[in-house]
Structure formats: structure tokens, C-alpha cells
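Take a look at the letters that make up each chain.
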Amino acid sequence: MGMSSYDKKRLLMLERRNDERCQDQEPVTCEDKCDHSCDHHCGDHCNVCDQGPQQWNALDPTMDFPFGNSIDQDAEAELKNVQKSFESIVIKDSCDVDVRTTDTQLAVNIQVAIQVAIALIISISIADSERANSITQDIEAQLKSAQVNKQQTYIENSRNVTVATDDSDVAVNVQVAIQVLIALVVRLGIL
Amino acid sequence: MSNNNEDFQNISGRIIDMIVGSTLKKHGVKLDPSRIDPEQREEIKKIVEDLRKSADSLTKKTSEEDNNEEDNKDETNK
């Protein structure tokens, strides 16, 4: 693979810059500043010596990954109940069209309320709050569900059409959440 | 049809109960009813009942809509 003219120009520019720098300063080695050995000269960046903030470079194997080697998810593990409803209804060149869709927002609100109730009951009935938190997360994480619902309706050149769309997925999730809540309440002898 | 649905509700309820139980066991914790005073107990009972009604109404609404549509179709066919 040959070098493109752009690459050549860039390389030349970099070399020139380095030459200029070398004329300005005495060549320094990192050994002057710290106890590890490396071949950096002319004020080049040395990862170990340089204390200032550096931009992370993916090609440099000596650089630590910004997020660390392991991503600690435990603290932030919360209920990830992915529910996406994409609903699009296109009505074109039509008249007397009646459209009825389910209120997804209402279902989601009910579900959130149930989840909060689950967290509340666990936190009340378990003394250790940290443990209560992790139990709540555990229970909810096991019930996490991903649902993507796509509905597309296209009506063209029509008259007197009634469209009713349902999002039953949301209702199912609400049922699961309420069953968890009931399981807890029954264990506590409340119901 | 409705009978099947009820059976399924029972099964999923049992499974979820087991999940909850095993999670508590895993953490070595038991829910302590004595930590909840009678007032809280009543309040929780009301909250759970209300939430259950809301959840049921949501599913019933969707199934009722389906039934109504079917009834309407039947009437127009007659």
C-alpha cells in the first residue's frame, strides 16, 4: 500500500515541527524526570511522565481505557424494562376515518406505580436498606422484558373506515408486575 | 378459552412467587411482617387493591373492545 500525497504532506509537516522543537530545546530524556526508561526525546509526550490531562488514544496500548477495564454495573443496575411502541398511522386522500388507539401512557403509569409499590414494600419489611435495594433490583431484573411493538397503518383513498389498534404487550407487563407485588404482599400476610 | 387463560394466570403467578421466594432466599433474607405496623398494613392493602383494579381494568378494556367489535360484526351480518 503506497502513501497518498496527503499522508506524505502530513508526515513532512510533522517532521518539520519536530525539527523546530529540537532546535528550540535541548533534547531531554525521560530518565531525567522519572525512574522508568523510555525513548522519548525532544519534549515528546511520555505517558508516564506527563502529569497533565491527555486525550485518550485508542491506538496506544499503554493508555488505560477511560471507563476502566471492567464496567461496574451493579450500582446502577436498575429495572430495564424496554418497551417501545412505534405506531404510525398515515391517512391519505380519505374521509370519515375513525381512529382509536390504546392509551399506552396510562399503562406505563400503572406499571411504574406498581414497581414503586414493590420497592416500598421490600424496603419497609427488610431492615438492611442496602440489602433491600439489591433484592428489589434482583427481582425486577429477573422480570425485565424487552418489547418492541411496531404498528403501521396506511389508509389511502378510503371512506368510512374505523381503525382500532391495541398494544397488548404493555398490558401483559403490567400483569407481571402486579403478580410480583401480590406475591410479596401474600408473603407478608397482608392479603 | 377463559378457563385456559385462568390456568395460565395461576401458573405464571406460581412461577413469579417462586422467583420472589428464591431471590429472597439467595440474599438470605425473610420478609418481616412485624416491621409493618397495622396502619401501614391497611394502607398497603388499599394500594395493592387499587393497583390490581387498575391493572385488571387495563386488560379488560382491551378484551372488551375486542368483544364489542365482534358483537358489532355479528349484528351487521344478521
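Procedures and definitions
- Each chain carries its own residue numbering, running from 1 in the direction its sequence is written.
- Note on labels: chains are lettered from A, ligands numbered from 1, in written order.
- A pLDDT threshold of at least 70 governs which residues receive local features in this predicted model, and a stricter bar of 80 or more applies before side-chain atom pairs are shown or counted, although totals over entire chains, interfaces and linings include all residues.
- Side-chain metrics in this entry use all non-hydrogen atoms of the structure; hydrogen atoms and water are not considered.
- Helix and strand assignments follow DSSP, with helices taken as H or I runs no shorter than four residues and strands as E runs no shorter than two, numbered in order from the N terminus.
- Working rule for contacts: check all heavy atoms of both residues, and any pair within 4.5 Å makes them a contact.
- Residue-level accessible areas treat just the shown protein chains as cover; the underlying method is Shrake-Rupley with a 1.4 Å probe.
- Each salt bridge in this description consists of a side-chain nitrogen of Lys or Arg and a carboxyl oxygen of Asp or Glu lying within 4 Å of one another.
- Two N or O atoms form a polar contact when they lie within 3.5 Å of each other; inside protein one atom must be a possible hydrogen donor and the other a possible acceptor, and for residues adjacent in sequence the pair counts only when both atoms belong to side chains.
- Residue type decides the class: Asp, Glu, Lys and Arg count as charged, Ala, Val, Leu, Ile, Met, Phe, Trp, Tyr, Cys and Pro as nonpolar, and the leftover types, Gly among them, as polar.
- Orientation is described by lines fitted to C-alpha atoms, with helices fitted over the stretch in contact, and by angles between N-to-C directions that extend from 0 to 180 degrees.
- For a crossing to be left-handed, the near helix must be turned anticlockwise from the far one by less than a right angle; the clockwise case is right-handed.
- Only protein chains enter the accessibility calculation, which uses a 1.4 Å probe. A residue is then buried if its area is under 20% of the maximum for its type, exposed if over 50%, and partly exposed in between.
- Among buried residues, the Ala, Val, Leu, Ile, Met, Phe, Trp, Tyr and Cys ones that are joined through side-chain atoms within 4.5 Å form a nonpolar core.
- By definition here, a helix of n residues has an expected span of 1.5 Å times n minus one.
- Patch criteria: residues need more than 30% relative accessible area and no salt bridge. Like-charged residues are merged within 9 Å; nonpolar side chains of Val, Leu, Ile, Met, Phe, Trp and Tyr are merged within 5 Å.

Engineer: What should I look at first to understand the overall build of chain A in this one?
Structural biologist: A count of helices and strands for chain A gives four helices and four strands. Reading chain A from its N end, one meets helices and strands in the order α-β-β-α-α-β-β-α. Within chain A, residue pairs in contact and separated by at least 24 positions form 61% of the contacts whose partners lie at least 6 positions apart. Total accessible area on chain A stands at roughly 13,400 Å², and carbon and sulfur atoms take up 49% of it.

Engineer: Just to check I follow, could you spell out the interface of chain B and chain A for this structure?
Structural biologist: Frequently, the measure chosen for interface size is the accessible area removed from exposure when the parts meet. Across the boundary between the two partners, chain B contributes 39 residues, which contact 38 residues of chain A. Between the two partners, chain B and chain A, sit two salt bridges. Aspartate 17 of chain B is paired through a salt bridge with arginine 187 of chain A; the nearest N and O atoms lie 3.4 Å apart. Summed over the shared surface of chain B and chain A, the number is eight residue pairs in polar contact (both at pLDDT 80 or more). Of all the secondary-structure elements, those providing two or more residues to the side of chain B that touches chain A are α1 (2-26) and α2 (38-77) of chain B. Element by element, the count of residues in the side of chain B that touches chain A is highest for α2 of chain B, at 19 residues. For the side of chain B that touches chain A, the class distribution of residues is 14 nonpolar, eleven polar and 14 charged.

Engineer: What exactly am I supposed to notice about the packing of helix α2 (residues 104-125) of chain A against helix α3 (residues 129-142) of chain A here?
Structural biologist: To characterise two packed helices, one gives the angle between the axes of the helices and the distance between these axes. Residues and elements named next belong to chain A. At a closest axis distance of 9 Å, the pairing of α2 and α3 adopts a crossing angle of 145°. Here α2 and α3 pass one another in a crossing that is right-handed. Contacts between α2 and α3 involve Gln115, Ile118, Ala119, Ile122 and Ser123 from the former and Ala132, Ile135, Thr136, Ile139 and Glu140 from the latter.

Engineer: Is there a simple way to think about the side chain of threonine 136 of chain A in this case?
Structural biologist: Residues and elements named next belong to chain A. By secondary structure assignment, the location of threonine 136 is in helix α3. With relative accessibility at 9%, the residue threonine 136 sits in the buried group. Those residues in contact with threonine 136 that sit more than four places away from it in its chain are Ala119 and Ile122.

Engineer: Sorry if this is basic, but what is going on with the pattern of salt bridges here?
Structural biologist: Oppositely charged side chains may form a pair once their charged atoms are brought near each other. Residue and element names in this part refer to chain B. Inspection of the entire model under this criterion finds three salt bridges over all chains. As a salt-bridge pair, glutamate 49 and arginine 52 come within 3.7 Å of each other at their nearest N and O atoms. In this pair, glutamate 49 and arginine 52 are both assigned in helix α2, three residues apart and thus about one turn of the helix distant.

Engineer: Help me understand the environment of leucine 184 of chain A in this model?
Structural biologist: Position of leucine 184 of chain A among the secondary structure elements: in helix α4 (residues 168-187). You can call leucine 184 of chain A buried: its relative accessible area is 0%. Through-space distance from the C-alpha of leucine 184 of chain A to that of isoleucine 118 of chain A is 7.7 Å; in sequence the pair is 66 residues apart. Excluding residues within four positions of it along the chain, leucine 184 of chain A makes contact with Ile118, Ile121 and Ile122 of chain A together with Val20 and Leu31 of chain B.

Engineer: Looking at this structure, I do not really get the nonpolar core. What am I missing?
Structural biologist: One recurring pattern in soluble globular proteins is that nonpolar side chains are buried together. Judged by nonpolar contacts, the single largest core of 36 residues is most densely connected at Ile114, Ile122, Ile126, Leu181 and Leu184 of chain A together with Val20 and Ile44 of chain B. When residues of this core are traced back to their parent elements, those giving at least two are α2, α3 and α4 of chain A together with α1 and α2 of chain B. Of all the elements, α4 of chain A adds the most residues to this core, at eleven residues. Beyond its immediate stretch of four places on either side in the chain, isoleucine 44 of chain B contacts Ile121, Ile124, Val185 and Ile190 of chain A together with Ile36 of chain B.

Engineer: Quick question: what am I supposed to make of the environment of isoleucine 178 of chain A here?
Structural biologist: For isoleucine 178 of chain A, the position within the fold is in helix α4. For the pair isoleucine 178 of chain A and glutamine 111 of chain A, spaced 67 residues apart in sequence, the C-alpha separation works out to 8.1 Å. In contact with isoleucine 178 of chain A, not counting residues within four places along its chain, are Ile114 of chain A together with Val48, Leu51, Arg52 and Ala55 of chain B.

Engineer: So what exactly am I meant to see when it comes to α2 of chain A here?
Structural biologist: One turn of an α-helix holds 3.6 residues; hence residues three or four places apart share an orientation. The end-to-end C-alpha distance of α2 of chain A is 32 Å, a good match for the 32 Å that 22 residues give at a rise of 1.5 Å each. Where α2 of chain A is concerned, the buried positions are Ala107, Ile110, Gln111, Ile114, Gln115, Ala117, Ile118, Ile121, Ile122, Ile124 and Ser125 of chain A.

Engineer: I'm lost on a nonpolar patch on the surface in this one. Help?
Structural biologist: Residues and elements named next belong to chain A. A contiguous nonpolar patch, built from Ile89, Ile91 and Val99 and spanning about 200 Å² of accessible area, is present on the exposed surface. Its place among the elements puts isoleucine 89 in strand β1 (residues 82-92). On the accessibility criterion, isoleucine 89 (30% relative accessible area) is partly exposed.

Engineer: I tried to follow unusual backbone geometry on my own but got confused; where do I start?
Structural biologist: Excluding glycine, most residues fall at negative phi; most peptide bonds, likewise, are trans. One non-glycine residue with positive phi stands out, namely aspartate 96 of chain A, at about 55°. Owing to a relative accessible area of 51%, aspartate 96 of chain A belongs among the exposed residues under this scheme.

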